[in-house]
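# Architecture and fold: a report
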Amino acid sequence: IDNIDNIDNIDNINNTQDTDTLADTVTLPSGLILPSYSFLTSLNLSSNKLSHHPQNPPPNEVNFLHLTPNLVTLDLAANFLASISPLTSSVKLPNLTKLVLSYNNLTSFSGLSLFAPNVEDLDVKGNNVKDPAAIVQLSSCKRIRILTMQTVEGGCSNPVCSSPSYTSAVVASCPFLTTLDGHPSTKHNEFGLDDDTVDEIINAGEVEVEEMEFDSPKE
């Protein structure tokens, strides 16, 4: 199955590890209870007006990801998410390596390391991260290789991208970064390490993040 336009069609999915996409457009009726879909490895829930309000849940609250614990790729782009932290209260996705959170209203990366501790490819362009200190929160996700905070042309940027220390702060917080905003990052290559060696270093907890002074974004 390549595409499901309605949540009612989920029952048509076969129990297979090769399911690429659960949905391009999924509606989540209020009170919907889903069975477990632990076989899913890729889930696209972009543009579904999803949000997370624990005290007053709307019909499209994100409260179902615990049903998909083996996801490798998750796309939550173009929703109404203001924070990552609420997601950590009900789910941890240790196998997730690609996470798309672009075009939401995130202001920080708090909770990311609990929600997706092994994420390698993170797309957060088009959000509202202003504080350069938020970049340090990325250091808890030690496997990040690809980070997208704006397009390769500099469009859809987070406000923090205009800080003079933006690039150096990201490189300091993500020591094994290979690509930043579509451009090659050289620090990983300077180490002269292959991916297996990088994994060994990360697993051994030998990664140290440099302390830096941050410049405020340009007005």
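If you're wondering where the values come from, they're calculated on a predicted model, not measured in any experiment. Numbers given to residues run from 1 along each chain, matching the order in which its sequence is written. A pLDDT threshold of at least 70 governs which residues receive local features in this predicted model, and a stricter bar of 80 or more applies before side-chain atom pairs are shown or counted, although totals over entire chains, interfaces and linings include all residues. Hydrogens and water molecules were not included; the side-chain quantities draw on all heavy atoms of the structure.

### Comments concerning helix 2 (residues 166-173)
Because an α-helix completes one turn every 3.6 residues, residues spaced three or four positions apart along the sequence face the same direction. Burial analysis of helix 2 places 6 of its 8 residues in the buried class, which makes it a mostly covered element. For every residue, the accessible area (1.4 Å probe, protein chains only) is compared with the maximum for its type, and the residue is labelled buried under 20%, exposed over 50%, or partly exposed between those bounds. Secondary structure follows DSSP: runs of H or I at least 4 residues long count as helices, runs of E at least 2 residues long count as strands, and numbering of each begins at the N terminus. Among all positions in helix 2, only Y166, A169, V170, V171, A172 and S173 are buried.

### Some details on the environment of G182
Within the fold, G182 resides in the loop between strand 6 (179-180) and strand 7 (183-184). Measuring from C-alpha to C-alpha, the distance between G182 and V152 comes to 5.0 Å, with 30 residues separating the pair along the chain.

### Quick notes on the sheet that holds strand 7
Two strands are said to pair when DSSP picks up at least two bridges between them. Read across the sheet, 7 strands follow the order 1-2-3-4-5-6-7 without closing on themselves; strand pairing throughout is mixed. Two strands in the sheet have a free side with no partner beyond their single neighbour: strand 1 (42-44) and strand 7. Direction of pairing for strand 2 (residues 73-75) relative to strand 3 (residues 98-100): parallel, over a ladder of 3 bridges. Within the sheet, the bridge partner assigned to T73 lies in strand 3 and is K98.

### A look at the side chain of T148
Within the secondary structure, T148 sits in strand 5 (residues 146-148). Not counting residues up to four positions away in its chain, the partners in contact with T148 are L122, D123, V124, K125 and D181. The contact criterion used is simple: two residues touch if any of their non-hydrogen atoms lie within 4.5 Å.

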